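Structural characterization, general
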Amino acid sequence: MITEINFDGLIGPSHNYAGLSLGNLAATGNAGKTSHPRAAALQGIAKMRANLALGLAQGILLPHARPDHRWLAALATDYGAAPAVLKAQALSASAMWAANAATVSPAPDTADGKCHLTVANLLTMPHRSHEWPETLTQLRVAFADPAFVVHGPVPAPFGDEGAANHMRMAPTHDAPGVEIFVYGEPGGPFPARQSRTASEAIARAHRLDPARTLFVEQNPAAIAAGAFHNDVVAVANGPVLFAHEHAFAEPGAFFDALIAAMPTAQIVEVPASAVSLADAVSSYLFNAQLVTLPDGSSALIVPEESRANPRVWTWLQDMLAGNGPIRRVEVVDVRESMANGGGPACLRLRVVADPARIDPRFMVDAAKLDRLDALVRREWPEQIDAANIANPALIADITRARAALLDQLGLSDSLTINHPA
């Protein structure tokens, strides 16, 4: 049976605050602070547990081998000799944000009736640009069934940030939908990470129907305010679009085109007079998981920071008191991820597919999450000080922790552990 599966990135043992992501205000604002990888991963596991309790299908994507010795070797150095900035870029745990892993078009939308996934190149930021080879390896293992087609990345120089700039709307998950690619135009104070050319290339590769494919420009003001990805100001699921008033450059034209392509679409637009762009970015109200519950209703999974913001929380309560399509709000604690610039939506990649066609090692239930919880408590570093990332003992702990994870999941032979050359 085709359903929506949330694949959460398990937060890796090298999770640290190096402030590498220009335009991500939380990440740069917390640069140099002490991180807590164990707590971060446990928070992510708790979020997955909460999704299972809501009746949602849940999968995982795994932390990458860090430091990335192959990447450093390509730069003619190694971890011991590399400059501090390269050390930080090689150690980044940013693959935890699975929304950037790929763009996904489910079988009901594609001409060949297969689910297509294109791994994101993430070339705008050096610390993320070397993620795609290992992400691609994981995707090809997890989605090896003939029901899927896994594509390599769009070539440089066309930046692609994956599902963080892509939305899908449909009456039901198993019905043909409308795919919305959101791109940015350069010229503002922060990089516009998603290229329209990359989005168009993915739509062609996925064999999408042009009549049900929209290309929409993100509002430059939103990017300048810190909405480095579209999913910081808009999220969609099923027939519902939840967006800030200033999310899109031309919202009226976009909404008209969306209704023309999908007359049953329901648009929930939050006015700037109630929630400013600054409030939206700091609270990650829109970097929520908008999900369809088993009874067909819509729920919004928001971070604690949304509840802590009086204006955001008041608007959410007013929304629930109304007669809109979103009938439930759940709150999760992902503060370690939030401090590095990623909320509930950043941590997951949505795949509409039959769970039985997916490698079961990447699917989780309550018992598997219990085992992962125990492993994290045993193996993950308790904290990482930014000034300590060159410590050989820390690097040994990080390497050992990931190896233990792959061994527990039976993936040691399928996913290459990145050793020094």
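Quantities reported herein were computed from a predicted structural model and do not represent experimental measurements.

The rules behind each value
Residues numbered from 1 in each chain as written. Predicted model: local features only at pLDDT ≥ 70, side-chain atom pairs only at ≥ 80, totals over all residues. Heavy atoms only, no water. Core = buried A, V, L, I, M, F, W, Y, C linked by side-chain atoms within 4.5 Å. Buried < 20%, exposed > 50% of the residue type's maximum accessible area, 1.4 Å probe, protein only. Contact = heavy atoms within 4.5 Å. 1 Å grid on protein atoms, 1.4 Å probe; cavity = no way out; pocket = protein on both sides within 12 Å on 5 of 7 lines; lining within 4 Å. Points joined across faces, edges and corners; volume = space filled by probe spheres on them. Helix = DSSP H or I, 4+ residues; strand = E, 2+ residues; numbered from the N terminus. Pairing = 2+ DSSP bridges. pLDDT = per-residue confidence, 0-100. Salt bridge = Lys/Arg side-chain N within 4 Å of Asp/Glu carboxyl O.

1. A few points about the nonpolar core
Grouped together as the largest cluster of nonpolar side chains are 85 residues, with contacts concentrated most on Phe7, Phe143, Ile180, Phe248, Leu349 and Val351. Excluding residues that lie within four positions of it along the chain, Ile180 makes contacts with Asn165, His166, Met167, Met169, Leu214, Val216, Phe254 and Leu258. Listed in part, the 19 residues of the second largest apolar core include Val240, Val302, Ile326 and Val329.

2. A closer look at the layout of surface pockets
Approximately 390 Å³ is the volume found for the largest pocket. The wall of the largest pocket is formed by 18 residues, among which Thr3, Glu4, His173, Thr292 and Leu293 lie closest to the centre. Per element, the largest residue contribution to the lining of the largest pocket is three residues, and it comes from strand 1 (residues 3-9).

3. Overview of the pairing of strand 15 (residues 348-353)
A large share of strand 15 lies buried, amounting to six of its six residues. Here strand 15 shows a buried face lined by Arg348, Arg350 and Val352 and a second buried face lined by Leu349, Val351 and Ala353. Inspection of the sheet shows strand 1 paired to strand 15 by six bridges, in the antiparallel sense. Each bridged residue has a counterpart across the sheet, and for Asn6 the counterpart in strand 15 is Arg350.

4. Notes on the confidence of the model for the protein
Taken over all residues, the pLDDT of the protein has a mean of 93, while the share at 70 or more is 95%. Predicted confidence is poor over residues 417-421, with pLDDT under 50, and the contacts of this stretch with residues over four places away or in other chains come to 10 contacts.

5. Describing the pattern of salt bridges
Per the counting criterion, the structure on display carries 20 salt bridges. Between Glu200 and Arg196 there is a salt bridge whose closest N-O contact spans 2.8 Å. One end of the pair is Glu200 and the other is Arg196, both in helix 7 (residues 196-205) and four residues apart, which spans about a single turn. You can call Arg196 partly exposed: its relative accessible area is 33%. Bridged by salt links that share partners, the residues Arg49, Asp370, Asp373 and Arg377 form one connected network.

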